[in-house]
Amino acid sequence: MASLTWRYHTLIQALLSRGPLKEEEFHEVFIGVSGKNPVKHQNVFNEALLRINNALAYVQFELRACRNQYDGKVYYGVVNNVADEQSKLGTKYSAPQIAFYKGVIDAIINDVGLEGAISNIDALNVRLENQIVLSQAPQDSTAKLPTAFKLFNMSQKEKTLQELIKDRWLCQTSSDKIGLGIRSFFDLRGWFRTNEVPSCDVCDEAGVKASICPKEGCSVRIHDYCLKKKFSKRTGARACSGCGAEWPLPEYESEEIDENNTTSPDESQIASANPVLRDLRNAKTEKFDSSQDASQRKKRRICKPEPAETVEASQRGRSRARKV
Ligand SMILES: [Zn+2]
Ligand SMILES: [Zn+2]
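The rules we used
Residues numbered from 1 in each chain as written. Chains lettered and ligands numbered in written order. Predicted model: local features only at pLDDT ≥ 70, side-chain atom pairs only at ≥ 80, totals over all residues. Helix = DSSP H or I, 4+ residues; strand = E, 2+ residues; numbered from the N terminus. Buried ≥ 20, exposed ≤ 12 C-beta atoms within 10 Å, placed from the backbone. Contact = placed C-beta atoms within 7 Å. Core = buried A, V, L, I, M, F, W, Y, C linked by C-beta atoms within 7 Å. Domains from an automatic or database assignment. pLDDT = per-residue confidence, 0-100. Pairing = 2+ DSSP bridges. Expected span 1.5 Å × (residues − 1). Axes fitted to C-alpha atoms, helices over the stretch in contact; angles between N-to-C directions. Parallel < 35°, antiparallel > 145°, perpendicular 65-115°, else oblique. Left-handed = near helix turned anticlockwise from the far one by under 90°.

Along the protein chain, the regular secondary structure elements total 13 helices and eight strands. Per-residue burial for the protein chain yields a buried fraction of 33% across its 324 residues. A sequence separation of at least 24 residues applies to 61% of the contacts in the protein chain between residues at least 6 apart.

Turning our attention to unusual backbone geometry. Positive phi, close to 55°, is recorded for Gln 60, a residue that is not glycine. Note on placement: Gln 60 falls in the loop between helix H3 (42-56) and strand E2 (61-67). Backbone geometry places Asp 176, a non-glycine residue, at a positive phi of 65°. Looking at the secondary structure, you find Asp 176 in the loop between strand E5 (170-172) and strand E6 (178-180). Overall, the presence of 9 C-beta atoms within 10 Å leaves Asp 176 in the exposed class.

Moving on, we get to the nonpolar core. Formed by 63 residues in total, the largest nonpolar core has its most connected members in Ile 52, Leu 63, Phe 100, Tyr 101, Val 104, Leu 170 and Ile 178. Tallying contributions element by element places H3 first for this core, with eight residues. Looking at this core, you find at least three residues from each of domain 1 (6-83 + 266-315) and domain 2 (86-191). The contacts of Tyr 101, once residues within four sequence positions are left out, are Leu 89, Leu 164 and Trp 169.

The predicted structure's coordinates, where accompanied by low pLDDT, should not be read in detail. This prediction gives the protein chain a mean pLDDT of 78; 69% of its residues lie at or above 70. Confidence over residues 253-285 falls short of pLDDT 50; this stretch has 54 contacts with residues more than four positions distant or in other chains. Of the regions scoring below 50 in pLDDT, residues 292-324 engages in 33 contacts with residues more than four places distant in sequence or in other chains.

Attention shifts here to the pairing of E2. The buried fraction of E2 is high, at seven of seven residues. Of the two faces of E2, both are covered, the one formed by Phe 61, Leu 63, Ala 65 and Arg 67 as well as the one formed by Glu 62, Arg 64 and Cys 66. Where E2 lies against strand E3 (residues 74-80), seven bridges are found, and the strand directions are antiparallel. In the sheet register, Cys 66 faces E3, and the bridge partner there is Tyr 75.

If you check helix H2 (residues 23-34), its first and last C-alpha atoms are 16 Å apart, about what 12 residues at 1.5 Å a residue would give, namely 16 Å. Summarising the contacts, the buried residues of H2 are in contact with helix H1 (6-18), strand E1 (21-22), H3 and E3. Once H2 ends, the next one or two residues include Gly 35, with phi positive near 75°.

A few words on the sheet that holds E1. If you trace the three strands from one edge of the open sheet to the other, you get E1-E3-E2, paired in antiparallel fashion. Strands with a single pairing partner mark the edges of an open sheet, and in this sheet they are E1 and E2.

Attention now moves to the packing of H1 against H2. At a closest axis distance of 9 Å, the pairing of H1 and H2 adopts a crossing angle of 160°. Taken as axis vectors, H1 and H2 run roughly antiparallel relative to one another. For the pair H1 and H2, the sense of crossing is right-handed. For the pair H1 and H2, the contacting residues are Arg 7, Thr 10, Leu 11 and Ala 14 in the first and Val 29, Phe 30, Val 33 and Ser 34 in the second.

With that out of the way, let us pick up the sheet that holds E5. As summarised here, the arrangement of the three strands in space is E4-E6-E5, forming an open sheet in which the pairing is antiparallel. Strand pairing shows two members of the sheet lacking a second neighbour, strand E4 (117-118) and E5, which therefore form its edges. Pairing geometry for E5 and E6, over three bridges, is antiparallel. Directly across from Gln 172, in E6, lies its bridge partner Ile 178. The sheet strands contacting helix H8 (residues 154-166) are E5 and E6, and the helix crosses E5 at an angle near 95°.

This part is about H1. With 13 residues, H1 should cover 18 Å at 1.5 Å per step; its first-to-last C-alpha distance of 17 Å lies within 8% of that length. Here the buried face of H1 lies against E1, H2, H3, E2 and E3. After H1 finishes, the residue Gly 19 shows a positive phi value of roughly 75°.

In structure tokens:
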């Protein structure tokens, strides 16, 4: 693997050890190691992310941005694109705890109100046996449940819920319900796709907490923050792209919408969900780490892997950019 200097290591390490970081926090770390503010030096920031992702692709890890769907805030994190939930949670959580987590996630995803959250009671009532794939005909599924699952009682569920919230796999929403934690938003991206969780019409990410088109029978859904962005452009009617019906005024309509807000990343920056794809051909020559000499760069380029399939869905339909 091409060597990355300590500056890159520090960025990766910060994300690995402290979990997904809020955009501002990650920017602070970046300023600390590079002396440059990512908001003012976007090209330096993007190039650093690109280099990191080229290196992480060897081990199928990826540094990306992701929004917390409850408040629309951007986070940065490193995700393993291969491991399943079992291996991610497995070292700390027991099999019944993981089955419980999966059951809660299922219930949240299937929340018809698209609130992306369920009540505490509903979470505690999640049945573990639904999460077990039984090898034989499950006529009497409870009889075949492993003992650990049968013994998993209410107080253990309550305790697990608290732990999952503390570890940010789940969260307590502002309406005091149980929702997805930021780590789940990062890690379940592939799972959302395989389970066909409908995507937001604007950003194409799973619409877990979203608004649905008011017209009966139309299933177009849009994240609240995407709705805000889409309709902040005062260029026409609030027509649904699916059926043409008019969307009701969002609740935050009266809020001041700052269209020149440069601190909030635009979609292409969020697609650093896939920074690899950013077209850096026009980037200025400013460097994140000037200690890289030319020969090292050249060598790297030769052995650079196709970032390819490690970065899946978000790149569909986008042109593949390569560093020049
Ligand atoms: Zn969206
Ligand atoms: Zn519609």
